[in-house]
Every structure is written in C-alpha cells, then in structure tokens.
Amino acid sequence: MPGPAGGKAGDAYPLSQFVLKVQGRCDLSCDHCYIYEHADQSWRSKPKAMTPDVARAAARRIAEHAEAWNLSHVRVVLHGGEPLLLGPARLDELIARVRAPIEAVTQLSLMMQTNGVRFNPAMGDVLKRHGVRVGISLDGDRAANDRHRRFANGASSFDQVRAALALLRRPEYRELYAGILCTVDIRNPPDQVYEALLAERPPHIDFLLPHATWDDPPYRPGDRHTPYADWLSVIHRRWLADDRPMRIRLFEGLHSTARGGPSGSEQLGADAVDLAVIETDGSYEQADSMKTAYDGAPATGLSVLTHTVDDLSRLQPIAVRQNSIQNLGDICRSCPVVSQCAGGLYAHRYRSGHDFANPSVYCPDLRVLIERTNEESRMHNAGRKPEETSAAEVIAQLASGFGDEATITWLAEQQRSVTRALVSATIDQHGPTPGWESLAEVEAENPEAVRRVLAHPYVRAWAVGMLRTEDPAGMPYLGGLAAAAGVHADMRIETEVRINRGVVTLPTLGTLYWPEETTARARITVDRGKLWLTGPDDRTITVDLAQPGASPTWQPTRWITVDGWSVRIEDGDPARDCHGWTPAGRLGDAAIARWRDSLTAAWRLITADLPGYAPALRAGLHVIMPLEADPAGKQRAATAMDAFGSMAAALVGPAELAVLLVHEFQHAKLGALLDLYDLHDRNSDARITVGWKPEPRPVEAALQGVYAHAAVADVWRTRLGSDPRAAELYPMYRRWTTDAIAALRASGALTPLGTDFVDQVAAAAQAWEF
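Predicted, not measured: the structure shown is a model, and the values here were computed from it. (Residues numbered from 1 in each chain as written. Predicted model: local features only at pLDDT ≥ 70, side-chain atom pairs only at ≥ 80, totals over all residues. Heavy atoms only, no water.)

**Q** So what exactly am I meant to see when it comes to the sheet that holds strand E3 (residues 107–114) here?
**A** Strand pairing in a sheet is mediated by backbone hydrogen bonds. Such pairs are either parallel or antiparallel. Strand order in the open sheet formed by ten strands is E7-E6-E5-E4-E3-E2-E1-E8-E9-E10, with mixed pairing between adjacent strands. Either end of the sheet is taken by a strand with one partner, and the two such strands are strand E7 (247–248) and strand E10 (299–303). (Pairing = 2+ DSSP bridges. Helix = DSSP H or I, 4+ residues; strand = E, 2+ residues; numbered from the N terminus.)

Here is the structure:
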C-alpha cells in the first residue's frame, strides 16, 4: 500500500466511524461512481451482500474496540452498492445484529447512504424502528441528475429519487431525513443546482468534488483555471444571502477552520481521519475514495474475521492520516492556507510514481475557494452581503458600462486569489524551487509584500504559461518575485533567478539587464536597499536601489501619475508577451516622456468627457505594456484574459488613446467577471452574427464584443458635435451592439445571469439619444 513517509506505523489509534458495505451491487449505473467506474475493481471478486456472520463479526470487532478505548460514541454507516437492495426483512435482521453488541458498550449512531430509488414506507418503517438516519444522493434538477445518475438501460432515476425525498419529508419519516449528497459537475449551472436542492428542504447538504487524481484529472474547460472554486463560490454566496437555510458541511467546515476549529470533513481540514470500511466479505479497507487511485488502493489485507480494529489502525496508511499536516509534503506545508486545506482529500493527491506525497489535483481550486470563502464570510458577518457584492451588484455595476471603484477593487482581489492558486499549481507541476521557498519566507514575515507582487498582472500570465509546458526552465521567475517582495518587506533574500535573454525582472520594482543577451540561471541577493546579481562565470553586478538614476544594468519601474491615477510602464518582464502583439523593447527617457504626455492628455479627456469610466480605470488598470508600432500605421491595443490590470498598446495620440483605454478595459472587466460567473453555456456550439466581424463569433467572443463596442459607442456619442467622425461612428457602434444583443438573446446560450447582464447593457444603450 503506497503512502507518504511519516506517521507512526505500529501505534494503535482509536477509530470511531465505520462504513459497513452491507450490499456490494447497485441498481443504478452512475458513470461517475468511484466504486464501479474507477481504478479499483475489487467489487467484482467480493460477495454481493454481507452475510449475517460477517455482520455479527464486524459488530463484535467494533464493540471490542469501543470498549477498549472507552469511546463514548460510535457512528456506523450502512452503505453499498445500494443498501436498500437487501429488502426490508434482511435489512431489519442485519441492523439488529449490528446494534446489539455495540449498544451494549457505547452510544451508537446509525446512518444510511442510498440512491433512494427503493425507499418506500416499508423501508422507512424498518429504518425508523432502528433509528437509522438517511442520506439521499441527488445532483440537482432533472438535467443535472440525469447527466450521471441513470439506470443501466439509460433511464432516468430522477422521479424515483424525488419520490423518496418527498416521503422523507412526511411527518412520520422526517426524523430520518439526514440530508442530500451532491456530486459537483461544473457543467450544471450552480444556481440551478442550489435551487433544486433547496426545494427538497434538506437539513444538510454535502457537496462532493468528483473523485480524481493526477493520473486521471477532473474535467476542466480549457479557458478556466479554477472552475470548481468558481462553481462552489456561486453557491456559497447564495447560501449566505439566503441566511443559510440548511447546513452545508463544506462551507461550515471552511468557516470553522478559518477560526482554528475542526473541519468536520475528510475533504478539507486537518481533522484526524478515524474511519474504516468493512466490505461485504469482512475485509477492512480504507475510505472508498481511495478506489479512484489505483486497483487495490483501499485494500489492507486484514479482515474482521481474523483481525481487530487496533490491528487495522496500526497500519501506516491509517497512521499517516492521524496527523495530516505533519505528513504533508513541503509544497503543502509552505502554503498559507494549509491549516484549512490540509492537502485536500487524501485520494485526490495520488500520482503514479509519487504515491500520495503530492498536493491535491484540485489545489488551485481549493486555494481560491478557501480565500474567497474567508473573505465572503467576513463581509457577511460585517453586514455586507457577498451575494449583493459579487453577483447582483457586480452585474449591475458592470452592465452599466462602468463599475465603481469598490466593485473593480473586489474583482481585482478575486483575480489575485486566482493568481496565487495558479502559482501554487506551478509548484505542483514542476516541483519546489528556491524562489518558491524564499517567497514563502517573505510571506511568513510580511504577507502584504507578497500580496503586492502577486498583483503584478504578468505573474498570472507566467503561471499559465508554465502550466502549459513540461519544461521547468522558467520556474526561477519566482526568484524575481521573491526578491521584489523582499525589498518591499525590507528583508534579506538570497535566491535563484533566471537571466532570460539578458533580462531579470523584479515585478513592481524594475528590471536588471545583464551585459550580454544570455539565458542562464543566476543568484540574486537583496538586502538593505541593494541588490547583487551573480551570473555566468561568477560575475556580479551591484545595484543601489536608493540611486535610481539611469543605468545600463538597472531600470527602475517608470510610473505615470495624473489626477489620482497611477500606471506603470512595463517594458522589461518577459511574461508580458501574452497580448498577441510584439512587445516594444526597453524604452528610453524620450519614449517614456511621449507616453506620459499622451496618457496624461487621454486621462483628462476621459475624466472630462467620460467620467463614468474613470473610477474603474483608476481602480483596475495599473500597467501599460508598450507595443511595437504597426508598420502600416494601424492602431494596436489588447488586453489578455490572464493579465488583469494591464493593457498593451502602441503609442497613439490622446484622443485615440482615450478610446483604447475605455475599450480595452471593458474586455478586462468582462474577462474577470467570466472568471467568476457563467454568463453563457460553455458547452454551446452557437455562433453569433456580429457587425464587426465577417464570420459568426462564439458566444463568449460576441459577449466581449458587445460590452466593448457599447463603450466605444458611448465614447462617440459624447463626441457628437465636436468630432465630425462621430456622426458616422456612433450609430454604427450602437447598431453593432444592439444587433448582437438581440442575436445573443435569441441564441438560447445565455445563462440567467448572462441574460440579466445583456439586458442591462441593452437598457443602457437604449437610454442614449441619437
């Protein structure tokens, strides 16, 4: 049984939770089932049902263990397969055999997890007589549930499951109703799933991430980095806004661990895992989730017929899970949310060749989910409802075309959380680096310094690039981040960096230029306002940061500040090459002066003529990346989905630059919104005819075009009478916008949030006068 080093195998531990596999077969054929559809196929060689003798032996072992450890309480879950396949009479007999010896020595709680298809009054009466609480598996509304939970012939199980839930809500069985288990599928709209589950009035909901490993990773749309965090965050905000109408274990666990409490869940948190599974043949196994790792992963080689529970608890795979944080790898232990995450579900860490000594395959999602949940909970407790801030208010603010400073600041913070998670994911993929360790060192002393450098837009672009390659050569970029953070924190840092074609970037501080355009690893030291870069042949260049004058080796960041807006010119970071156009090289003082003049004049045009757009730009756009000019003199400008807070542009005059700033930041705002919410069905193949392109566009591209062109129309509307071009351009951009909105509405590809968004954009456009 592979497992990470650590844990004190040989020591016995008390276990208080036992899963009895009373039935080994199921009447459904769910394609996401970890028992029948994943790597471990041991069910094929096990008995179809637990015999009375095995049930008696299991109960005896549990009772012996409870008595020996003086346990005040034991929990037994009747599981399968599908436990209701036993039928009322056999189930009644089996439960009686289990209860007698255990209840003679301790308090017993009995639970059952079932698909609900065979739950009826006869079953309900048996379970009520024995005090067995019932959890039902349901993944949402009919469409969501039918995506996976079907019979072998493809027929839906939805109606039978809802009938079971209705029966559990009846007064005579309400005491049995434990709650609903929902397996997350990010293709199902989260708000619709939430509403469908809420309609069943459950006392409790468990959201289960689909079981996956590094060998068999979860489904992820190609353009979304933390889709599971995004999906769950929608439900978390709605749940808070509704004043928590039922318990949701995942969220309650996160709220608890944020205060230093227990998680109450195996999915997250540092709680000791005191659980054992007893199979139909009496064999002890680890948690069922282990079946997703590899064939034989949950096996222990022990049985209730021959071994005590203490024998089981002495095994290393059980022992290492009693001190979960202590037994994590270096990557996880260095993470600032480790006390809440604790590496996630153990099975989700598996990777061939490395066993379970890895972060979770859901690591980026867990990081973002934890940070968002903490912030949203804090806001809620302070009296500000996250649902209003992050959905209704954000949609209203952005659909108006603008977005106030508070909304854009909130969006930027969400982007920073995604960046942190993606940086962590690069470590998962490529392994720890000296730069990562130095970054963690700074964060331990001064978290704000790390937060400051992670706000640099191109950190995320770098991380996304590293996640798309197996080549770790770019990982020393983290050393530049650590060095910059060290300067901000006034800490001595010595770490590894990479000279990339003669350049070493220290995001937010400036750029070092090696005398030759070489690419090589190097060492950097920062201490007391100075830095030393030692490169090939042990040559060292020294920079005094207190003397920021022009130098052939050091170019400090150039800031342009005008009327409360500060933006820096980024002409050094190699990761800036993510906008689809060729970046300009290092700019001299004369070029910076031209940029300063044009930006200053453009900003004043915006604040005078388009003041509604200024707060968002002031709060969210902080980096301009100069592009090489187009040889034909055409305008060049772009934003990048993975570089929120930046805009790339070739230098143009103030009037044109004002249009570009407004237009491109519309794309940035909507990209950040799409990171958080599904405005359209991402599985839709619909194509939208638009006026600005000859070919039909995908739905997301059409949404982006609508939002950006609506702002451009607004710009030209304000210039009617002052610029002769406006008489032609304003109605053209307005028509493009309204026609595309009509096509989007007719496509059937918008979600309710997406429909609300385009409706509000349309309302803003309709309010304009020709």
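**Q** Sorry if this is basic, but what is going on with the environment of His-348 here?
**A** Take His-348: it is sitting in the loop between helix H12 (338–341) and helix H13 (363–381). As for His-348 and Met-290, which are separated by 58 residues in sequence, their C-alpha atoms are 8.4 Å apart. When near neighbours in sequence (up to four residues on either side) are disregarded, His-348 contacts Leu-209, Pro-210, His-211, Ala-212, Thr-213, Trp-214, Pro-359, Ser-360, Val-361 and Tyr-362. A polar contact of 2.9 Å, which involves the side chain of His-348, links it to the side chain of His-211. (Contact = heavy atoms within 4.5 Å. Polar contact = N/O pair within 3.5 Å; in protein donor to acceptor, adjacent residues only side chain to side chain.)

**Q** Can you help me understand the packing of helix H20 (residues 589–609) against helix H22 (residues 654–676) in this one?
**A** When two helices pack together, their arrangement is given by the angle between the helix axes and by the axis-to-axis distance. Closest axis-to-axis distance for the H20/H22 pair is 8 Å, and the angle between their directions is 70 degrees. Comparing their axes, H22 and H20 come out roughly perpendicular. Remark: the crossing between H20 and H22 carries right-handed chirality. On H22, the residues that touch Trp-595, Ser-598, Leu-599, Ala-601, Ala-602, Leu-605 and Ile-606 of H20 are Pro-654, Ala-655, Leu-657, Ala-658, Leu-661 and Val-662. Counted by class, the contact of H20 with H22 contains twelve nonpolar, one polar and no charged residues. (Axes fitted to C-alpha atoms, helices over the stretch in contact; angles between N-to-C directions. Parallel < 35°, antiparallel > 145°, perpendicular 65-115°, else oblique. Left-handed = near helix turned anticlockwise from the far one by under 90°. Nonpolar A, V, L, I, M, F, W, Y, C, P; charged D, E, K, R; others polar.)

**Q** What's the story with the nonpolar core in this structure? I'm lost.
**A** One broad rule of soluble globular proteins: the nonpolar side chains tend to lie buried together. Within the largest apolar cluster, 149 residues are counted, with the highest numbers of intra-cluster contacts made by Val-76, Phe-207 and Leu-512. Sequence-distant contacts of Leu-512, that is, excluding residues within four places in its chain, are made with Gly-502, Val-503, Val-504, Leu-506, Ile-524, Leu-531, Leu-533, Ile-541, Val-543, Thr-553 and Trp-554. Core analysis: the next-biggest nonpolar cluster, separate from the first, contains 84 residues, Phe-644, Ala-711, Ala-740 and Ala-762 among them. (Core = buried A, V, L, I, M, F, W, Y, C linked by side-chain atoms within 4.5 Å. Buried < 20%, exposed > 50% of the residue type's maximum accessible area, 1.4 Å probe, protein only.)

**Q** When you look at helix H2 (residues 87–103) in this model, what are you seeing that I'm missing?
**A** Quick reminder: α-helices carry 3.6 residues per turn. Residues three or four places apart thus point the same way. Between its first and last C-alpha atoms H2 spans 24 Å; for 17 residues at 1.5 Å apiece the expected length is 24 Å, and the two agree. All of the buried residues in H2 are Gly-87, Leu-91, Leu-94, Ile-95, Val-98 and Ile-102. The buried side chains of H2 occupy one side of the element, clustering within an arc of 100 degrees when seen end-on. With respect to the buried face of H2, the exposed residues turned more than 90 degrees away are Ala-89 and Ala-100. Residues of H2 that are buried in the fold lie against strand E1 (17–21), helix H1 (52–68), strand E2 (73–79), E3, helix H3 (121–130) and strand E4 (132–137). (Expected span 1.5 Å × (residues − 1). Arc of directions from axis to C-beta.)

**Q** What is the right way to read H13 from this model?
**A** Across its 19 residues, H13 extends 27 Å between first and last C-alpha, which sits within 8% of the 27 Å expected from 1.5 Å per residue. Counting buried residues in H13 gives 15 out of 19 residues, a clear majority hidden from the surface.

**Q** Looking at this structure, how should I read the sheet that holds strand E17 (residues 554–556)?
**A** Spatial ordering of the open sheet is given by E12-E13-E17, a layout of three strands whose pairing is antiparallel. Of all strands in the sheet, those bounded by a partner on one side alone are strand E12 (503–506) and E17. On average, each strand axis in the sheet is inclined to that of its neighbour by 15 degrees, with strand direction left out of account. Looking at chain direction, strand E13 (residues 510–513) and E17 are connected through three bridges and run antiparallel. Opposite Gly-510, over in E17, you have Pro-556 as the bridge partner.

**Q** Explanation requested: the side chain of Asp-185 in the structure shown.
**A** By secondary structure assignment, the location of Asp-185 is in the loop between strand E5 (177–183) and helix H6 (190–199). By relative accessible area, Asp-185 is classed as buried at 6%. There is a polar contact of 2.6 Å between the side chain of Asp-185 and the side chain of His-148. Looking at Asp-185, its side chain comes within polar contact range of the main-chain nitrogen of Arg-187, at 2.9 Å. Apart from residues lying up to four places away in sequence, Asp-185 is in contact with Arg-147, His-148 and Trp-231.

**Q** Any chance you could explain the environment of Arg-133 here in plain terms?
**A** Here Arg-133 shows up in strand E4. A distance of 2.8 Å separates a polar side-chain atom of Arg-133 from the backbone oxygen of Tyr-177.

**Q** Help me out: how do you make sense of the pairing of strand E18 (residues 558–562) in this one?
**A** Look at any regular strand and the pattern is simple: side chains alternate between the two faces of the sheet. What you see with E18 is a clean split: Arg-558, Ile-560 and Val-562 sit on the buried side and Trp-559 and Thr-561 on the side with no burial. The sheet contact formed by E18 and strand E19 (residues 565–569) spans five bridges and is antiparallel. By the bridge assignment, Trp-559 is partnered in E19 with Arg-568. Count of turn residues in the E18/E19 antiparallel hairpin: two residues, of which Asp-563 carries a positive phi of about 50 degrees.

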